[in-house]
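# What the coordinates show
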Amino acid sequence: MVSSPILANTAEASSSDERALPAPASSVIERRRHMNWTLKALLPLAAVLVNGLLLFVLVSSSLEPGPRNTVIAVAAGGAFVIFAAVLVVFSVTVRRPMLELQEKIARVRLGDLQARVGFANRNDEIGDLGRDFNDMVAQLKSSREEIQTLHETQMSRAEHLATLGEIAAGLAHEIRNPLAGIAGVLDIVGRDLPPNSPARDVMADAKQEAVQINRILSDLLETARPRPPQFRPADLVGTVRHAVHFAHPQSVTKRIDIKLEASRELPPIEHDPNQINQVLLNLLLNAVQSMDKPGTIHVTVDMDARGKCAVISVADEGKGIAPEHLPNIFRPFFTTKGHGTGLGLSLAKRTIEAHSGKIQVSSELGKGTKFLITLPVEKRTGK
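What this report covers is the structure whose coordinates are included nearby. (Residues numbered from 1 in each chain as written. Predicted model: local features only at pLDDT ≥ 70, side-chain atom pairs only at ≥ 80, totals over all residues. Heavy atoms only, no water.)

### A short note on the overall build of the protein chain
Helix and strand counts for the protein chain come out as seven helices and nine strands. By residue count, 30% of the 383 residues in the protein chain fall in the buried class. Considering only residue pairs separated by 6 or more positions, the protein chain has 70% of its internal contacts joining residues 24 or more positions apart. Here the protein chain displays about 24,300 Å² of accessible surface, and carbon together with sulfur accounts for 58% of that area. (Helix = DSSP H or I, 4+ residues; strand = E, 2+ residues; numbered from the N terminus. Buried < 20%, exposed > 50% of the residue type's maximum accessible area, 1.4 Å probe, protein only. Contact = heavy atoms within 4.5 Å. Areas by Shrake-Rupley, 256 points an atom, 1.4 Å probe, with all protein chains shown as cover.)

What follows is the structure, encoded as structure tokens:
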């Protein structure tokens, strides 16, 4: 099928001060060659006129040859004049605006949002079309400028946050070293205290707070300087079971049962066991903290219907998450708890995405929250 650029058919377009922007060869818009719509519209009219002329010839067959030829010539001339008049009207009032509109649409598609049609001042349906087109392009231009402004703002904010992240990472690294010394001193002092000394409890609380600070600093460092996953085919069920085992002491104190259901036919999944273990442990501890009364946390591991991804589900029976908070739970430093840094779910999301997977959440107030993690059996390239 022969094709031709749309910009090649604009010779009869309305004269305008705007000129078509030059486009790269790869950006030229091509259309299939087809019958001109004006010809399609006029063919029925031509058929009617020809049939009318033939009918007129048959009706005038009873006349003498001389007058008959004159009448036929006058009728044929009248039909030709009617056809020519209709053709001119179509060309001026319809075809020319359509060609202009076609040209301006091509310019808009190539990125020129200054394009406007010149027939928008007509007081008919074609004028309405022109006004609608001009309004649409004006709105597109306004939207592009707004997006550009927003993009520049976001880029500036990203640079600012990157700088703050580097500063925070440096501070966290400097704080962790003396913090380790403080924890060691607390251990030594605690051992030297008499067995019945009330200061022992104070020392234990101080050491626990030091451990908490160290954990926060570790999360902050992981956020600022993430470690790339060390992928290897491994038993995903074993990774999940390991996380459940570490969360068990926290759940027992609140009389919460963690129930694990795993498929026996799971193939080795390419993942970083340490990172996935941290993600699951974070989700399990969040689930335990969200439950104010005894209950069950359901953890399942299975393959999806296509057999190309492993699916891990962590569902609790806790307080749930308010609908207005759901879109923000994976944002860094966002938390609905009175304590915590708000970095756990952000790190979890980034870790899962680094594994070419997805993490989704659904929740209902008063009934609980469910996290769904999808991991491909083999790591996808290009991620």
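### Some thoughts on the nonpolar core
Ranked by size, the top nonpolar core spans 37 residues in total, and within it L236, V240, L280, L284, I297, I312 and I373 carry the most contacts. Those elements that place two or more of their residues in this core are α5 (236–253), β4 (256–262), α6 (273–290), β6 (295–303), β7 (309–315), α7 (344–354) and β9 (368–376). Here the element with the most residues in this core is α6; it accounts for eight residues. Other than its neighbours up to four places away in sequence, I312 contacts L236, V240, L280, T300, V301, F371, L372, I373 and L375. In terms of nonpolar packing, the next biggest core, distinct from the first, is built from 10 residues, L113, A115, V117 and F119 among them. (Core = buried A, V, L, I, M, F, W, Y, C linked by side-chain atoms within 4.5 Å.)

### A short note on the packing of aromatic side chains
Taken as a whole, this structure holds one aromatic pair when the rule is applied. With a centroid separation of 6.4 Å and 80° between ring planes, the pair formed by F330 and F371 is classed as edge-to-face. With a gap of 41 residues between them, F330 in the loop between β7 and α7 and F371 in strand β9 connect regions that are remote in the sequence. (Phe/Tyr/Trp six-rings, centres within 6.5 Å; stacked < 30°, edge-to-face > 60°.)

### Details of the pairing of strand β8 (residues 358–364)
Direction of pairing for β8 relative to β9: antiparallel, over a ladder of seven bridges. Following the sheet pairing, S363 is matched in β9 by T369. Between β8 and β9, which pair antiparallel one after the other, the connecting turn spans three residues, and G366 there sits at a positive phi close to 80°. (Pairing = 2+ DSSP bridges.)

### Structural notes on the side chain of T369
Structurally, T369 is set in strand β9. Here T369 falls in the buried class, since its relative accessible area comes to 7%. A distance of 2.9 Å separates a polar atom in the side chain of T369 from a polar atom in the side chain of S363. When sequence neighbours within four positions are dropped, the list of residues in contact with T369 reads V314, A315, D316, G320, I321, V361, S362 and S363. (Polar contact = N/O pair within 3.5 Å; in protein donor to acceptor, adjacent residues only side chain to side chain.)

### Points about the sheet that holds β6
Taken in spatial order, the five strands line up as β4-β6-β7-β9-β8 in an open sheet, and their pairing is mixed. Each having just a single partner strand, β4 and β8 make up the two edges of the open sheet. The sheet shows a mean angle of 10° between the axes of neighbouring strands, direction not considered. Each of β4, β6, β7 and β9 is contacted by α5, which is oriented at about 170° to β4, the strand it contacts most. (Axes fitted to C-alpha atoms, helices over the stretch in contact; angles between N-to-C directions.)

### What about the environment of K207?
By the secondary structure assignment, K207 is in helix α4 (residues 199–224). Between the alpha carbons of K207 and A183 there is a distance of 5.9 Å; along the sequence they are 24 residues apart. Excluding residues that lie within four positions of it along the chain, K207 makes contacts with L186 and D187.

### Thoughts on the packing of α5 against α6
Packing of α5 against α6 leaves a shortest axis separation of 9 Å and a crossing angle of 35°. At the point where α5 passes α6, the crossing takes the right-handed sense. Packed against α5, whose contacting residues are L236, T239, V240, H242, A243, V244, F246, A247, Q250 and S251, the element α6 presents P273, I276, N277, L280, L281, L284, L285 and V288 at the interface. Counted by class, the contact of α5 with α6 contains 13 nonpolar, five polar and no charged residues. (Left-handed = near helix turned anticlockwise from the far one by under 90°. Nonpolar A, V, L, I, M, F, W, Y, C, P; charged D, E, K, R; others polar.)

### Some points on α5
Taking 1.5 Å per residue as the helical rise, α5 with its 18 residues ought to reach 26 Å, and the 27 Å between its terminal C-alpha atoms agrees with that figure. At A247, α5 shows its maximal kink, close to 40°; a proline, P249, follows between one and four residues later. Of all the residues in α5, the buried ones are L236, V237, T239, V240, A243, V244, A247 and S251. A distance of 3.2 Å separates the backbone nitrogen of V237 from a side-chain oxygen at the start of α5, and that oxygen is part of D235. (Expected span 1.5 Å × (residues − 1). Bend = angle between axes of the 7 residues up to and from the residue.)

### A word on a nonpolar patch on the surface
On the surface, a cluster of nonpolar side chains totalling about 280 Å² of accessible area is made up of I167, L171 and I175. With respect to the helices, strands and loops of the structure, L171 is situated in helix α3 (residues 125–192). (Patch = residues over 30% accessible without salt bridge, like charges linked within 9 Å, V, L, I, M, F, W, Y side chains within 5 Å. Salt bridge = Lys/Arg side-chain N within 4 Å of Asp/Glu carboxyl O.)

### Details of the packing of α6 against α7
It is at 10 Å that the axes of α6 and α7 come closest, and there the two elements cross at 145°. Both α6 and α7 take part in a crossing whose hand is left-handed. Contacts from Q275, I276, V279, N282, L283 and N286 in α6 reach G344, L345, A348, T351 and I352 in α7. Looking at the contact of α6 with α7 residue by residue, the classes come out as six nonpolar, five polar and no charged.

### Structural notes on unusual backbone geometry
For residues besides glycine, phi is generally negative; the peptide bonds are generally trans as well. Here the phi dihedral of R255 falls at roughly 55°; this positive angle occurs in a residue that is not glycine. Among the structural elements, R255 can be located in the loop between α5 and β4. Phi at S356 is positive, roughly 60°, even though this residue is not glycine. Of note, S356 is situated in the loop between α7 and β8.

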